[in-house]
Amino acid sequence: MSSTLKDSRLLENYILTIADNSFILAQRLGELCGHGPNLETDIALTNISLDLLGQTRSYYQYAAKLAGDGKTEDDIAFLRIEREYKNCLLVEQPNTHFGYVIGRQFLFDVYHFMLLEKLQNSEDETLAAIAKKSIKEVSYHKRFSGDWIKRLGDGTEESNQKMQEAIKDLWRFTDELFYMTDAENAMVEEGIGIDISAFKESYYSQVSEILKEATLAVPENKYFNKGGKEGVHTEHMGYILADLQYMQRTYPNMQW
Amino acid sequence: MTLTETNIEKHLIPVLKTVSDPEIPVLTVLDLGVIREAVEEDNIVKIKLTPTYSGCPAMDVIADDLTAAFAKIGKKVSVELVLSPAWSTDWISEDGLLKMEEYGIARPLSETHDKDVLLGEKKLVKCPQCASTNTHLVSQFGSTACKALFKCDDCHEPFDYFKCLK
């Protein structure tokens, strides 16, 4: 394998590590379409889903171009097997209740914003352009989820208890956000990728600050789950993919 | 912020003016500032289009509408989506902003003011119906990702506010 070909495979993998998070979270949020707790949040969550899906398309189109062989964004989205999806475990967690939806969104948005902030300066022009476009949208997502964390945490006794339950439960998936795969390490060396482990500390301090403001306790886990970024997912992933892929699997190459 | 240069050939402008945003039909693609380049080469009109928001479904429709508009005068179109530089609400023309207000959508405020109103800290968004600034935020996301939902506390009309994007 020539070094350029190997590099392009690593870059492709690196793109998926970022894009699959947006893709799977978009799908999770899309499930809420018409099922939000009230009209405004229903619209907000599906708008966020749409932003993430749009960002995913830009990344997948780029990855498809690198993959060659006439591959398209749809092949990447719909025709991979579970082990080939590189999203972190956090984004595939179910919409258990509104507290979980907001908790998952908040824990991801803070990370996502920090990642894009750095990715804007990537030496890869396409990734930098996608990041510059996306960060404007993600700043709205972050504001939305942060506001709701405070509203629910500092709301009624019941909303506080539910929000606390979700944060406590989802916390064990936060450490994986900063886990570096081989593709990420290789791309950092190239000046293309971002050393995400570098902003772990500031992530936790920013998240903790908002949780405290929301009168929520910051969990003190010793144990964290990981695996998604290496393709080893939780049981929820299979159900997501079944929903997402059945049309293309049943009627290959079908067009809308 | 300076307006990034666009490269639009003059003779194509009349046709471009007939293509409007499917969500806000009073705005043409030129008002919206999404056409970054339009040049004709060998009877093919090459257009560079920049999305307002990444997932904006209007972009596909706009691309189809551009193709249809030029087909009427026997020209083929090739549309390329460009992401960089990223679209900003600063690119909406003044004429476009006026039409938007007449249509019932409040125009984007400056970045700082936008943050203030979306956090509910200040009342600055002007009601497009009665021009009062005694308005409040109902939802940060409105009928589309680019808008937020507001309500006027004087005339009690709900309305869309076009969020600042920079």
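Residues numbered from 1 in each chain as written. Chains lettered and ligands numbered in written order. Predicted model: local features only at pLDDT ≥ 70, side-chain atom pairs only at ≥ 80, totals over all residues.

Colleague: Sorry, what's going on with the domain arrangement of chain B here?
Modeller: Many authors give the size of an interface as the accessible area that is lost as the parts come together. Residues and elements named next belong to chain B. Split into domains, chain B comes out as domain 1 (7–91) and domain 2 (104–162). Once you take the C-alpha centre of each, domain 1 and domain 2 turn out to be 28 Å apart. Listed by partner, the interface residues are 7 residues for domain 1 and 6 residues for domain 2. For the side of domain 1 that touches domain 2, the residue count by class is 3 nonpolar, 3 polar and 1 charged. (Domains from an automatic or database assignment. Contact = placed C-beta atoms within 7 Å. Nonpolar A, V, L, I, M, F, W, Y, C, P; charged D, E, K, R; others polar.)

Colleague: Looking at this model, I keep getting lost on helix 5 (residues 111–118) of chain B. Mind explaining?
Modeller: Three- or four-residue spacings in an α-helix give side chains the same orientation, since the helix completes a turn every 3.6 residues. Residues of helix 5 of chain B that are buried include every one of B:D114, B:V117 and B:L118, and no others. Looking down the long axis of helix 5 of chain B, one finds its buried residues gathered within 95 degrees of arc, a one-sided arrangement. Lining the buried residues of helix 5 of chain B we find helix 6 (125–153) of chain A together with strand 6 (135–139) and strand 7 (147–152) of chain B. Count one or two residues on from helix 5 of chain B and you reach B:G120, which has phi positive near 70 degrees. (Buried ≥ 20, exposed ≤ 12 C-beta atoms within 10 Å, placed from the backbone. Helix = DSSP H or I, 4+ residues; strand = E, 2+ residues; numbered from the N terminus. Arc of directions from axis to C-beta.)

Colleague: Please explain the sheet that holds strand 2 (residues 35–41) of chain B as it appears in this structure.
Modeller: Strand-to-strand pairing in sheets goes through backbone hydrogen bonds, with the strands running parallel or antiparallel. Residues and elements named next belong to chain B. Taken in spatial order, the 4 strands make up an open sheet running 1-2-3-4, and their pairing is mixed. Unpaired on one side and paired on the other, strand 1 (7–8) and strand 4 (76–81) mark the two borders of the sheet. Where strand 2 meets strand 3 (residues 44–49), 6 bridges bridge the pair, whose relative direction is antiparallel. Paired with A38 across the bridge in strand 3 is I47. (Pairing = 2+ DSSP bridges.)

Colleague: What exactly am I supposed to notice about the nonpolar core here?
Modeller: Across soluble globular proteins, you tend to see nonpolar side chains buried next to one another. If you look at the biggest cluster of nonpolar residues, it comprises 111 residues, and the most contacted ones within it are A:I15, A:A19, A:Y59, A:A63 and A:L90. Split by domain, this core shows at least three residues from each of two domains, domain 1 (7–91) and domain 2 (104–162) of chain B. If we ignore the near neighbours within four places in the chain, the residues touching A:A63 are A:E12, A:I15, A:L16, A:A19 and A:I76. (Core = buried A, V, L, I, M, F, W, Y, C linked by C-beta atoms within 7 Å.)

Colleague: Mind showing me how you'd approach the interface of chain A and chain B here?
Modeller: Residue-level contacts link 20 residues of chain A with 16 residues of chain B. If you list the elements that add at least two residues to the side of chain A that touches chain B, you get helix 2 (39–67) and helix 6 of chain A. Within the side of chain A that touches chain B, the residues separate by chemical class into 8 nonpolar, 5 polar and 7 charged.

Colleague: Would you mind going over the pairing of strand 7 of chain B with me for this structure?
Modeller: Residues and elements named next belong to chain B. Bridge count between strand 6 and strand 7: 4 bridges; the pairing is antiparallel. Bridging from a neighbouring strand, L137 pairs with F150 of strand 7. One ladder, built from 5 bridges, connects strand 7 with strand 8 (residues 158–162); its direction is antiparallel. Opposite K151, over in strand 8, you have P158 as the bridge partner. The turn joining strand 7 and strand 8, which pair antiparallel and follow one another in sequence, is formed by 5 residues; a positive phi near 65 degrees is taken by H156.

Colleague: Would you take a moment to explain unusual backbone geometry for this structure?
Modeller: When glycine is set aside, most residues are seen to have a negative phi, and most peptide bonds are trans. Residues and elements named next belong to chain B. Cis rather than trans, the peptide bond between S84 and P85 has omega equal to -5 degrees. Mapped onto the elements of the fold, P85 is located in the loop between strand 4 and helix 4 (94–103). For N43, which is not a glycine, the phi torsion comes out positive at approximately 65 degrees. Along the chain, N43 falls in the loop between strand 2 and strand 3. Residue classification places N43 among the exposed positions, given that 8 C-beta atoms sit within 10 Å. Look at H156: it is not a glycine, yet its phi comes out positive at around 65 degrees. Among the secondary structure elements, H156 is positioned in the loop between strand 7 and strand 8.

Colleague: I would appreciate a short explanation of the sheet that holds strand 7 of chain B in the present structure.
Modeller: Here we have 4 strands laid out as an open sheet, ordered 5-8-7-6 (chain B), and mixed in their pairing. At either end of the open sheet lies a strand with only one pairing partner, and these are strand 5 (105–106) and strand 6 of chain B.

Colleague: Mind showing me how you'd approach helix 8 (residues 182–189) of chain A here?
Modeller: All names here are of chain A. Regarding helix 8, the residues found buried are A183, E184 and M187. The arc that holds every buried residue of helix 8, seen down its axis, measures 100 degrees, which confines them to one face. The exposed residues of helix 8 that point more than 90 degrees off its buried face are D182 and E189.

Colleague: Help me understand the environment of B:K99, please; the structure alone is not making it clear to me.
Modeller: All names here are of chain B. Inspection of the secondary structure puts K99 in helix 4. Using a count of 18 C-beta atoms within 10 Å as the deciding quantity, one classes K99 as partly exposed. When the C-alpha positions of K99 and P25 are compared, they lie 9.9 Å apart, and in sequence the two are 74 residues distant.

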